[in-house]
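Coordinate analysis (summary)
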Amino acid sequence: MSESGSLGERIKALHEKLLDRVPVIDRIACVLHEPGSDMLKTFINSTRVGIPINGYEFALQNSESLSHLANSGEFRVIDDIPSVVNPNSPHSNWLLEQGYLSSFTLPIYDMGSFIGLLFFNSMQRAAFTPSRQRDILMYANLLTMAITTEREAVRSILNSANVAREIAKLRDFETGAHLERMALYSRLIARQVREYYDLNDEWIEHVFLFAPLHDIGKIGIPDVILLKPGRLTADERKMMETHVDLGLALAERVLERIGVQNLPDSSVMTNIIKGHHECLDGSGYPRGLSGDAIPVEARIVAVADIFDALTSRRPYKEPWPVADALAELDRLTAEGKLDPACVAALTMCADEAERIRDQYPDQL
């Protein structure tokens, strides 16, 4: 299997190969498990027949059969979906609407820990005979290897960045709860603008994972500037703005050091780092990019970053109420600085944003 292309593209290539042995497979999909929330969330799919389901999540504990698979390592075969699936959830409704008649489901693990599920669907009843199950299990190992290999690469990037933070003793608002909130706000926005910007679940997952690295370059900024309680001087501001290029250089060194500089989705990380201080009107830094020259992932993180800065306590300010912070984002949008779709997305989810803020408070 080629290592080039995104994970989704590689899964589609494996699907094509599997069809030579099991031609009845009309859909392959992977959902990931988020241990902290116990949520299963759509991730990647290869769909030949039907309309993919995207941006969907549900609690693993709410499905007795899937919980059993996760705990036992067994697989599940359904020979006649309409006879056993009730239209009692968005997923069940979607499954019945697509016309899939049979399914084969198995759990996947990474270093012994449950990480998600693979679903195989067919428009034929009783499509997954014992001989076909054996063929699918062989390919399922390749699918799992592709998924876990990419997860390990991403994990290595994040671990390296965290080590750099610890060595530099980067503290205060660039650690802890701020980074968790940044990731969650960014995912919240990305999910809302999914259709507007034609985003897929794999891409959104990488925005969620890499958003906390947006200001990693601040490990190279002296504390006397980084933590200054008052307004920065012009020279201090110029020094502060160098953190973007410092962060980009650090990210590229990390990618090279762990040998994943060609990881397709690493561009999401580098785009976030180098573009989240750019403004749509060209007034941002460090390159003065404008409009579509600023990647969508950077625009998403920019809105999340400003919102968190406004609604959090800083050495020089008290936290703003959510409504006031959203009003400020609207003002910046009217000035042409922020992406209107991203700001509107956050405004639509104001209650969820407030819940995230309250759930992940700064430790004083």
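The structure we're discussing is the one just above.
Residues numbered from 1 in each chain as written. Predicted model: local features only at pLDDT ≥ 70, side-chain atom pairs only at ≥ 80, totals over all residues. Heavy atoms only, no water.

As for the overall build of the protein
Worth spelling out the cut-off: Secondary structure elements follow DSSP: runs of H or I of four or more residues count as helices, runs of E of two or more count as strands, with numbering from the N terminus. With the radius of gyration taken over C-alpha atoms, the globule rule is written as 2.2 Å times the number of residues to the power 0.38. Exposure categories follow from relative accessible area, calculated using a 1.4 Å probe and restricted to protein chains: below 20% of the type maximum is buried, above 50% is exposed, and the middle band is partly exposed. Residue contacts follow a heavy-atom distance rule, with two residues in contact if any of their heavy atoms lie within 4.5 Å. Areas reported here follow the Shrake-Rupley algorithm with a probe of radius 1.4 Å; residue values treat only the protein chains shown as occluding. We treat Lys and Arg as the positive residues and Asp and Glu as the negative residues; His and chain ends play no part in the count. Where a charge sits is defined by one atom per residue type, namely NZ (Lys), CZ (Arg), CG (Asp) or CD (Glu).
Per the secondary structure count, the protein includes 16 helices and six strands. Computed over its C-alpha atoms, the radius of gyration of the protein comes to 22 Å, within 12% of the 21 Å expected for a compact globule of 364 residues. Seen through its C-alpha atoms, the protein measures out along the principal axes to roughly 70 × 45 × 40 Å. A total of 364 residues make up the protein; the buried ones form 52% of that total. Partitioning the contacts of the protein with sequence separation of at least 6, the portion at a separation of at least 24 is 64%. Of the roughly 17100 Å² of accessible surface on the protein, 52% is carried by carbon and sulfur atoms. Charged side chains of the protein number 37 positive and 52 negative; the gap between the two group centres comes to 3 Å.

Quick word on the pairing of strand 1 (residues 27-34)
Rule in force here: Criterion used throughout: strands pair if DSSP finds at least two bridges between them.
Along strand 1, eight of the eight residues are buried, which leaves the element largely enclosed by surrounding structure. Burial along strand 1 is two-sided: the face carrying Arg-27, Ala-29, Val-31 and His-33 and the face carrying Ile-28, Cys-30, Leu-32 and Glu-34 are both buried. Taken together, the eight bridges between strand 1 and strand 2 (residues 39-47) define a ladder with antiparallel strand orientation. Bridging from a neighbouring strand, Arg-27 pairs with Thr-47 of strand 2. Between strand 1 and the antiparallel strand that follows it, strand 2, lie four residues; Asp-38 among them carries a positive phi value of about 60°. Strand direction decides the pairing type here: strand 1 and strand 6 (residues 113-122), joined by six bridges, are antiparallel. Looking across to strand 6, one finds that Leu-32 is bridged to Gly-116.

Some details on the pairing of strand 5 (residues 102-110)
With eight of nine residues buried, strand 5 lies mostly within the body of the structure. Where strand 4 (residues 76-78) meets strand 5, three bridges bridge the pair, whose relative direction is antiparallel. Looking across to strand 5, one finds that Ile-78 is bridged to Ser-103. The antiparallel hairpin formed by strand 5 and strand 6 contains two residues in its connecting segment, where Met-111 sits at a positive phi of about 55°.

Some words on the nonpolar core
Short version of the rule: Side-chain atoms within 4.5 Å link the members of a nonpolar core, which is a set of buried Ala, Val, Leu, Ile, Met, Phe, Trp, Tyr and Cys residues.
Membership of the largest hydrophobic core comes to 52 residues, with the highest contact counts inside it found for Phe-210, Ile-300, Phe-307 and Leu-346. Setting aside residues up to four positions removed in sequence, Phe-307 forms contacts with Tyr-185, Val-322, Ala-325, Leu-326, Leu-329, Leu-346 and Ala-353. If you look at the next biggest cluster of nonpolar residues, it comprises 27 residues, including Leu-106, Leu-118, Ala-127 and Tyr-139.

A few points about the environment of Ile-157
Its place among the elements puts Ile-157 in helix 5 (residues 130-168). With ten residues separating them in the primary sequence, Ile-157 and Ile-147 have C-alpha atoms 16 Å apart.

Things to note about helix 13 (residues 296-311)
Our working rule: Expected span of a helix: the number of residues minus one, times 1.5 Å.
In this model helix 13 runs 23 Å from its N-terminal to its C-terminal C-alpha over 16 residues, within 8% of the 22 Å that 1.5 Å per residue would give. In terms of burial, helix 13 is largely enclosed, as 14 of its 16 residues are buried.

A word on the side chain of Thr-105
Counting through the fold element by element, Thr-105 comes out in strand 5. Accessibility expressed as a relative area gives 0% for Thr-105, which makes it buried. Non-local contacts of Thr-105, meaning those with residues more than four positions away in its chain, are made with Leu-66, Leu-69, Phe-75, Arg-76, Leu-117, Leu-118 and Phe-119.

A few points about the packing of aromatic side chains
The following threshold applies: What counts as a ring pair is set by centres within 6.5 Å for rings of Phe, Tyr and Trp (its six-membered ring), and what kind of pair is set by the plane angle: stacked under 30 degrees, edge-to-face over 60, tilted for all other angles.
Inspection of every chain in the model, using the stated rule, returns eight aromatic pairs. Measuring from centroid to centroid gives 6.0 Å for Tyr-109 and Phe-114, while their planes differ by 65°, and the two rings are edge-to-face. Given the relative accessible area of 29%, Tyr-109 is considered partly exposed. Between the aromatic rings of Tyr-185 and Phe-307, the centroid separation amounts to 5.0 Å while the plane-to-plane angle is 85°, which identifies the pairing as edge-to-face. With Tyr-185 in helix 6 (residues 177-192) and Phe-307 in helix 13, this pair connects stretches of sequence that are 122 residues apart. When sorted by exposure, Tyr-185 lands in the same class as Phe-307, which is buried.

So, helix 15 (residues 340-348)
For the record, the criterion: A 3.5 Å cut-off defines polar contacts: any pair of N or O atoms within that distance qualifies, except that in protein one atom must be a possible hydrogen donor and the other a possible acceptor, and neighbouring residues in sequence count only when both atoms are side-chain atoms.
Three or more residues of helix 15 are buried, namely Ala-341, Cys-342, Val-343, Ala-345 and Leu-346. Packed against the buried residues of helix 15 are helix 6, helix 7 (194-197), helix 13, helix 14 (322-334) and helix 16 (350-359). Capping the start of helix 15 is the job of one residue whose side-chain oxygen sits 2.8 Å from the backbone nitrogen of Ala-341: Asp-339.

Quick look at the sheet that holds strand 5
For the record, the criterion: The axes used here are C-alpha line fits, helices contributing only the stretch in contact, and every angle between their N-to-C directions lies in the interval 0 to 180 degrees.
Pairing within the open sheet is antiparallel, and its six strands lie in the order 3-2-1-6-5-4. The sheet is open, and its two edges are formed by strand 3 (57-59) and strand 4, each paired on a single side. For this sheet, the mean angle separating the axes of adjacent strands, direction not counted, is 25°. Contacts between helix 1 (residues 7-19) and the sheet are confined to strand 1, strand 2 and strand 6, with strand 2 contributing the most and set at about 55° to the helix.

Section: the pattern of salt bridges
As a reminder of what qualifies: For this analysis, a salt bridge means a side-chain nitrogen from Lys or Arg found within 4 Å of a carboxyl oxygen belonging to Asp or Glu.
In this structure the tally under the stated criterion is 26 salt bridges. Between Lys-41 and Glu-34 there is a salt bridge, and its shortest N-O distance comes to 2.7 Å. For the pair Lys-41 and Glu-34, one class covers both residues: buried. A salt bridge links Arg-155 to Asp-110, with the nearest nitrogen and oxygen atoms 3.1 Å apart. Here Arg-155, found in helix 5, pairs with Asp-110, found in strand 5; they are 45 residues apart in sequence, far enough to count as distant. Salt bridges sharing common partners tie together Glu-34, Lys-41, Arg-187 and Glu-205.

Nothing here speaks to function; it is all geometry.
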